[in-house]
Structure formats: C-alpha cells, structure tokens
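Spelled out, the chains give:
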Amino acid sequence: MAQAAGPTTTPAREVDTDPEVSADLPWDVIVWDDPVNLMSYVVFVFKRVFGFPDHLAHKLMLEVHEQGRALVASEPREQAERYVHALHGYGLRATMERTS
Amino acid sequence: MSGTFARNGDRIRLQLRPPEVELLGRLAGELRTALDAPEPGDPVRSRLFPPAVLGDPEADREVRDLLADALLADRLDALAAVLELLERGRRSRGRLVVDLRDDEPLLVLGALNDIRLAIGARIDIETIDREQVGEDDPAAYPIAVMDHLGWWQEQLLVILDGRDDTT
C-alpha cells in the first residue's frame, strides 16, 4: 500500500519564477478519446466532476468521441490539477497544458 | 431474468450468477496484484496512471508524482470494496445477492471500469479492429469479458442517473 509522504519526504514544490508562465495563467484540461470507456460513463463522469448539466456533458462526450479530444476546462494550475486528478481517478485520459 | 444491478428501495442490489462471481473475484484480485506489485513494463500501470501534463515533461513528472499515491489508494480501495461485496453476499436461488451501501455503487462502477481498462491495456485494444476479431482470436475472450462488464456498468449508470446522484 502506498504511504502518505511525510513532511521530510515531500519535495518543496518549485516556485514558478518565469513571469510568463506563472501565477494564474490558465491551463487547458483536455479529455482524449479511448476505445474502452463507455459513452454513458464519460457523460456520468463529466457531470460528477464538473457539475455540467446533462446536455453539456453529452455534447462534450460526443466531441471527444468524434474529434478525438475535447477541451473541458481552462483553469489556474491547481484547479486544473484537481480536475486531471479526478478524471484519472475515473480512468479517463485527461491532460493539462498551458493555454496557448 | 432480472438484471445484474437492480433498484431495491433506495439501495442498489447486485445479483451475480456463480460464474460471474468467480470471474469478478478473479479479475479484481488480479488487478490488485498488478497494482500492488507492478511488473516492469506492464501496460496496465501506464494506462491507469497516464500522462498528466502535455508539453512540459518536468511538470508532467511533478503532477504525476503528486497524484500517484492517492490514485493508487483509491483504486485499491475500490477493488477491496468489490472483493468484500463478494464475501458479504448471500446465496439466493442460485445467485449471490448483495445490497450496496453508501458509496459502494460508485466504487463498483470505478472498479469495473479499471478492470476493463486493464484488460484493454493488456490486449493493446487501441490497435485492434473489433470487426476483424474472430472467435478463435486470442483477443476474443478478453473483449467478451470487457463487454460483459461494460453491460454491468451500463445497468449501474442507468440506476445512478435515475437517482440523480450527480447533484
């Protein structure tokens, strides 16, 4: 079983010093298509993770399915990480990248 | 014949035939072993702990390190919940019957998904054209299992959606 990292083992998070990429510039959260996750499951996950209404969750699921990917959120880094964490927990392929 | 999952008042009831009990127990146990003691290069690991950040390898490593322990613990909890249900169930008319409590429906949903993802990773499902898989193909049985568990997921999702559990 994985252990929780104690204070002595937790690396200090590097402070982002580059002004161009620091602070609150948003990160895009992208969900990618995969052949295993059910369409109904992806809709369910979008509703739970983002609180999207049914029609929006459904529209984004179809975008993932038909176009291979969909932008589901643009948020500051920590929130984007929370979304990626939740989506990975549900087994979706999700990534974040700096908003271009 | 009633379904694998059915509403029972405000609870959700799981009913499995003996071969399904054996199948689910075996798959959950195998995935737990694969996660607890990962073999080098096992594609299951990379599928369940996928890349997190694009375009910045350092940030990707940082975020994946940050998430790995919690993701692993949650996955093992869900598998443990499934195995516990199989222990807890009672026999009724040739089936194992168990009422799910609290967050167990979600744990089961997630564990079923993880098991399907693991099967898919092992057979490299991304490269398989399902139309071309004949019954003698080595991928035929794993795909049939994935579909069967997917059918369970669909049943559970219909019930969870009906409960409006998402709000």
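Residues numbered from 1 in each chain as written. Chains lettered and ligands numbered in written order. Predicted model: local features only at pLDDT ≥ 70, side-chain atom pairs only at ≥ 80, totals over all residues.

Draft legend 1. Up close: the overall build of chain A. The helix and strand inventory of chain A stands at three helices and three strands. Taken from the N to the C terminus, the helices and strands of chain A come in the order β-α-α-β-α-β. Counting over 100 residues, chain A shows a buried share of 32%. Counting only contacts in chain A whose residues sit at least 6 apart along the sequence, the fraction spanning at least 24 positions is 68%. (Helix = DSSP H or I, 4+ residues; strand = E, 2+ residues; numbered from the N terminus. Buried ≥ 20, exposed ≤ 12 C-beta atoms within 10 Å, placed from the backbone. Contact = placed C-beta atoms within 7 Å.)

Draft legend 2. Fine view of the environment of Asp33(A). Residue and element names in this part refer to chain A. Of note, aspartate 33 is situated in the loop between strand E1 (27-32) and helix H1 (39-50). Judged by local crowding, aspartate 33 falls into the partly exposed class, with 17 C-beta atoms found within 10 Å. For the pair aspartate 33 and glutamate 66, spaced 33 residues apart in the sequence, the C-alpha separation amounts to 8.3 Å. Dropping the residues within four chain positions of it, aspartate 33 is found in contact with Val64, His65, Gly68 and Arg69.

Draft legend 3. Fine view of the confidence of the model for chain B. All names here are of chain B. On average, chain B scores 94 in pLDDT, and the residues at 70 or more come to 96%. Mean pLDDT values for the elements of chain B range from 92 in strand E1 (residues 5-8) up to 98 in helix H4 (residues 104-122). Model confidence for the complex: the whole-complex pTM is 0.89, and ipTM, which rates the interface, is 0.94. (pLDDT = per-residue confidence, 0-100.)

Draft legend 4. Examining the interface of chain A and chain B more closely. The interface of chain A with chain B comprises 24 residues on the first partner and 31 residues on the second. Of the residues contributing to the side of chain A that touches chain B, the split by class is eleven nonpolar, seven polar and six charged. (Nonpolar A, V, L, I, M, F, W, Y, C, P; charged D, E, K, R; others polar.)

Draft legend 5. A look at the environment of Leu14(B). You can see Leu14(B) is positioned in strand E2 (residues 11-16). In this structure Leu14(B) touches Thr4(B), Phe5(B), Leu85(B), Val98(B) and Leu100(B), once residues within four positions along its chain are discounted.

Draft legend 6. Spatial organisation of the nonpolar core. Judged by nonpolar contacts, the single largest core of 32 residues is most densely connected at Ala28(B), Val82(B), Val108(B), Ala111(B) and Ile115(B). No other element matches the nine residues that H4(B) contributes to this core. Setting aside residues no more than four positions away along its own chain, Ile115(B) makes contact with Leu27(B), Ala28(B), Leu31(B) and Leu149(B). Counting residues in hydrophobic clusters, the runner-up holds 28 residues, among them Trp27(A), Val31(A), Val43(A) and Met61(A). (Core = buried A, V, L, I, M, F, W, Y, C linked by C-beta atoms within 7 Å.)

Draft legend 7. Region of interest: the confidence of the model for chain A. This prediction gives chain A a mean pLDDT of 85; 77% of its residues lie at or above 70. Note that pLDDT drops below 50 for residues 1-17 of chain A; the model gives that stretch nine contacts with residues more than four away or on any other chain.

Draft legend 8. Here's a closer look at the sheet that holds strand E3 (residues 90-92) of chain B. All names here are of chain B. Here four strands make up an open sheet; going across it, the order is E1-E2-E4-E3 and the pairing antiparallel. Edge positions in the sheet fall to E1 and E3, since each has one partner strand and no second. When strand polarity is set aside, the average angle formed by the axes of neighbouring strands in this sheet is 35 degrees. Inspection of the sheet shows E2 paired to strand E4 (residues 95-100) by five bridges, in the antiparallel sense. Paired with leucine 16 across the bridge in E4 is leucine 96. (Pairing = 2+ DSSP bridges. Axes fitted to C-alpha atoms, helices over the stretch in contact; angles between N-to-C directions.)

Draft legend 9. Local environment of H1(A). Along its twelve residues, H1(A) runs 16 Å from first to last C-alpha, staying within 8% of the 16 Å computed at 1.5 Å per residue. Those residues of H1(A) lying buried are Tyr41(A), Val42(A), Val43(A), Phe44(A), Val45(A), Phe46(A), Lys47(A) and Val49(A). Residues of H1(A) that are buried make contact with helix H2 (54-67), strand E2 (69-75) and helix H3 (77-89) of chain A together with H4 and helix H5 (140-162) of chain B. One or two residues past the end of H1(A) sits Gly51(A), with phi positive at roughly 70 degrees. (Expected span 1.5 Å × (residues − 1).)

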